[in-house]
Amino acid sequence: MHSLSSRSSLALRRTLRAPLLSRRTASTPVPPSAAAPLPPSEDEVTMVMYGDGFSRTVSGRHGETLLNVAQINDVHQIEGACEGCMCCSTCHLIFDKETFDKLGPVPDDEQDVIDRAPGACDTSRLGCQVRVSKILQDAKIRVPSEFVNQMI
Ligand code: FES
């Protein structure tokens, strides 16, 4: 049994809550969550990133670095420890010869970092330095299984 004051208190809470409930059910647009996939767009490029025990189709937008594409698409095999400062080589990627040639010459400062990456080869690039373009449509990009974080 409720006392008068607790009944009044309960009635008051119901009265105050009613407008809140009606506001919640209103057709207010819900902002998209940060994890929601972006709708496809014309500037989107689809590639495959693969390595030991995994293969994932990923997509990125023109101008994004491949490191960003990997991070957005949950390719955790690419670390990117220096976040694009070109001093760790943990974003090392290997391309097929045809795609590599289309990407153009490797700048000297990038090549210096690649040269210190384990398993570096003639078609190695740094994921933080290669930007998405149509050249990469359907490219198959290998993520080496071993890397050394040169920042440690
Ligand atoms: S993220 Fe460190 S060199 Fe690319």
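The structure this text deals with has already been given above.
The structure contained in this document is the topic of the report that follows. (Residues numbered from 1 in each chain as written. Predicted model: local features only at pLDDT ≥ 70, side-chain atom pairs only at ≥ 80, totals over all residues.)

To continue, consider the overall build of the protein chain. What the protein chain contains, in helices and strands, is four helices and five strands. Counting helices and strands in the order they occur from the N terminus, the protein chain gives α-β-β-α-β-α-α-β-β. Out of the 152 residues in the protein chain, the part that is buried amounts to 21%. Put simply, 70% of the contacts in the protein chain that link residues at least 6 apart link residues at least 24 apart. (Helix = DSSP H or I, 4+ residues; strand = E, 2+ residues; numbered from the N terminus. Buried ≥ 20, exposed ≤ 12 C-beta atoms within 10 Å, placed from the backbone. Contact = placed C-beta atoms within 7 Å.)

This part takes up the nonpolar core. Ranked by size, the top nonpolar core spans 20 residues in total, and within it Leu66 and Ala70 carry the most contacts. Contributions of two or more residues to this core are made by strand S1 (44-51) and helix H2 (66-72). It is H2 that provides the largest number of residues to this core, a total of four residues. The contact partners of Leu66, leaving out residues within four places of it in the chain, are Leu93, Gly127, Val130 and Val132. (Core = buried A, V, L, I, M, F, W, Y, C linked by C-beta atoms within 7 Å.)

Moving on: the pairing of S1. Pairing between S1 and strand S2 (residues 54-61): eight bridges, direction antiparallel. Its bridge partner lying in S2, Met47 is registered against Val58. Count of turn residues in the S1/S2 antiparallel hairpin: two residues, of which Gly53 carries a positive phi of about 80°. Bridge analysis of S1 against strand S5 (residues 140-142) gives three bridges, and the strand direction is parallel. (Pairing = 2+ DSSP bridges.)

The next thing to look at is the environment of Thr99. Tracing the sequence through the fold places Thr99 in helix H3 (residues 97-103). Each C-alpha atom, one on Thr99 and one on Lys140, is 8.9 Å from the other, the two residues being 41 residues apart in sequence. Among residues more than four places away in sequence, those in contact with Thr99 are Ile135, Leu136 and Ala139.

Quick look at the environment of Ile78 now. Within the secondary structure layout, Ile78 lies in the loop between H2 and strand S3 (92-94). Taking the number of C-beta atoms within 10 Å as the measure of exposure, Ile78 has 23 and is therefore buried. Spatially, the C-alpha atoms of Ile78 and Ser89 are 9.8 Å apart, while their sequence positions differ by eleven residues. Excluding residues that lie within four positions of it along the chain, Ile78 makes contacts with Leu67, Ala70, Cys91, Gly127 and Val143.

Turning to unusual backbone geometry, a few remarks are in order. If you check the backbone angles, Asp74 has positive phi at about 60° while not being a glycine. Checked against the element boundaries, Asp74 lands in the loop between H2 and S3. For Asp74, a count of 9 C-beta atoms within 10 Å corresponds to the exposed category. A positive phi angle is found at Met86, which is not glycine, with a value near 55°. In this fold, Met86 is placed in the loop between H2 and S3.

Nothing here speaks to function; it is all geometry.
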